[in-house]
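Residue-level structural notes
Single-letter residue listing:
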Amino acid sequence: MRDGDEPGYLTAGSAAYRLASRILFVAGFSTFATLYCVQPLLPDFVREFGVTPAESSLSLSLTTGMLAGMLLVAGAVSDGVGRKPIMVASLLAVGLLGIVGALVPDWHGFLIVRALEGVALSGLPAVAMAYVSEEVDPKSAGVAMGLYIGGTAVGGMSGRVLTAVVTDLGTWRLAVGVVGAIGIAAAVTVWAGLPPSRHFHRRPAGLRELVKAWRGLLGDGGLLGLFSLGFLLMGGFVTVFNYIGFRLAEEPFALRPAVVGAIFLVYSFGVVSSPLFGRLAGTYGNARTLAAAVLLMLIGLALMEPDSLWFIAPGIALFTFAFFGAHSTVSAWIGQRATVNRGQASSIYLFCYYMGSTVAGTLGGLFWHDFGWTGVAAFIALLLAVAALVAGRLLLAARR
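Read on for a plain summary of the structure. (Residues numbered from 1 in each chain as written. Predicted model: local features only at pLDDT ≥ 70, side-chain atom pairs only at ≥ 80, totals over all residues. Heavy atoms only, no water.)

1. Considerations on the overall build of the protein chain
Secondary structure summary: the protein chain contains 16 helices and 0 strands in total. Rg of the C-alpha trace for the protein chain: 20 Å, near the compact-globule value of 21 Å for 400 residues, within the 12% margin. In terms of overall dimensions, the protein chain has C-alpha extents of about 60 × 50 × 40 Å along its principal axes. The proportion of buried residues among the 400 residues of the protein chain is 57%. (Helix = DSSP H or I, 4+ residues; strand = E, 2+ residues; numbered from the N terminus. Rg over C-alpha atoms; globule rule 2.2 N^0.38 Å. Buried < 20%, exposed > 50% of the residue type's maximum accessible area, 1.4 Å probe, protein only.)

2. Comments concerning the pattern of salt bridges
What the rule picks out here adds up to 5 salt bridges. Taking the shortest distance from any N to any O, the salt bridge between E48 and R173 comes out at 3.5 Å. You can see E48 sitting in helix α2 (residues 42-49) and its partner R173 sitting in helix α9 (residues 172-193), a full 125 residues away along the chain. (Salt bridge = Lys/Arg side-chain N within 4 Å of Asp/Glu carboxyl O.)

3. Observations regarding the packing of aromatic side chains
In total, this model carries 23 aromatic pairs according to the counting rule given. Measuring from centroid to centroid gives 6.1 Å for Y243 and F246, while their planes differ by 25°, and the two rings are stacked. Taken together, the residues Y243 and F246, both in helix α11 (residues 221-249) and 3 residues apart, mark about one turn of the helix. (Phe/Tyr/Trp six-rings, centres within 6.5 Å; stacked < 30°, edge-to-face > 60°.)

4. With respect to unusual backbone geometry
The omega torsion across E251 and P252 is 10°, close enough to zero to call that bond cis. When you line up the elements, P252 lands in the loop between α11 and α12 (257-262). Here the phi dihedral of A254 falls at roughly 50°; this positive angle occurs in a residue that is not glycine. Positionally, A254 belongs in the loop between α11 and α12. Note on A254: relative accessible area 42%, which makes it partly exposed.

5. Quick notes on the nonpolar core
Within the largest apolar cluster, 123 residues are counted, with the highest numbers of intra-cluster contacts made by F45, L229, L233, L290, F319, Y354 and W373. Ignoring any residue separated from it by four or fewer positions in sequence, one finds F319 in contact with G236, F237, V240, M297, G300, L301, M304, I380 and L384. (Core = buried A, V, L, I, M, F, W, Y, C linked by side-chain atoms within 4.5 Å. Contact = heavy atoms within 4.5 Å.)

6. Looking at the environment of S57
With respect to the helices and strands, S57 occurs in the loop between α3 (53-56) and α4 (58-81). The buried category is assigned to S57, whose relative accessible area is 0%. C-alpha separation for the pair S57 and V46, spaced 11 residues apart in sequence, amounts to 9.7 Å.

7. Notes on helix α14 (residues 286-303)
With 18 residues, α14 should reach 26 Å at 1.5 Å per residue; the first-to-last C-alpha distance of 26 Å fits that figure. All of the buried residues in α14 are N286, A287, T289, L290, A293, V294, M297, G300 and L301. Down the axis, α14 shows its buried residues gathered within 165° of arc, on one side only. In α14, those exposed residues whose orientation departs by more than 90 degrees from the buried face are L295 and A302. (Expected span 1.5 Å × (residues − 1). Arc of directions from axis to C-beta.)

8. Description of the side chain of T34
Of note, T34 is situated in helix α1 (residues 15-36). The class of T34 is buried, set by a relative accessible area of 2%. Residue contacts for T34: discarding those within four places in its chain leaves V94, R114, E117, L121 and V179.

9. Observations concerning a nonpolar patch on the surface
Among the surface-exposed residues, V73, V77 and V81 lie close enough to one another that they form a single nonpolar patch of about 200 Å² accessible area. Mapped onto the elements, V77 comes out in helix α4. Among the residues examined, V77 registers a relative accessible area of 32% and is labelled partly exposed. (Patch = residues over 30% accessible without salt bridge, like charges linked within 9 Å, V, L, I, M, F, W, Y side chains within 5 Å. Areas by Shrake-Rupley, 256 points an atom, 1.4 Å probe, with all protein chains shown as cover.)

Structure, rendered in structure tokens:
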């Protein structure tokens, strides 16, 4: 379709839809590879820099915290500038900062770079969600969102596994530098291949318009429930992966870093569950699908409690499978419910999502220090119990 033609939606099965899905998969891959590449390196930071486990988690929490805050700005900027330019600039800056981070010699300098990466990363997640909501045919949006989130799952998995393996063979600095180079390659890919926006309408990005948009979105009780789920579900998810590495590195497991990093291969289940739950939501409704996903997360968490890899491995797999299904369902639901200001709706949801990662991921270190894995699991169970109540309320509201 030429620029002067009547714009149409990207529909499932079309060449443009397949191209956009692949490019968004690459964008999600690079974003989450950068964000979570430090997670298996937390024990390395403890050894090299002499920090505590909770302090080492700041290398992730600072990034997600800055990302969360800046998402509120990025959504407004993209509403005024456009989706694709923001995504390209974000990926390029993230890649360059990743290479800088690999060269910084001291702990505080590394934390500063990781914080700046959080700022740069803010230009992609909410903007990509808004792009899907605007450009993809509504009947195909759930699957397209699932494919994008599948890319984030593969990125999160690959970033963790790659850094664990490269660190085992070389150094953690080399591993972080490789992830930075991947970010630069992703920026070029999005710039060259992502179809241009055809349903984007530029909106004023001033403070008055921003406050007006937030007031309208936060006045919707259903959206408030969905926003809170971002905090609760992501908080529980990132806490599991922040501290499961410490558990597996200690007795009775005493696993090597590369073996611990292999645990993150379970992220591949997210590639399957994200589009699958998108289809299930189209068949059975968002509320039922979401409630089922939260229940499966609780079952997965319970399986992780025994000191046996025969329970821990399937528990992590089920927990991950269900989390990405829930995240995919909520993300698509927000795009459907927020008929205007979708960029801002996605930004608020992801603000809550990453604040959950920041707050819960750091608090989990206190539970680990005082109570070990049992304390961490109890903390996560509390977050998921509240999430189950919210999902139940949304299900009851959907039946009325």
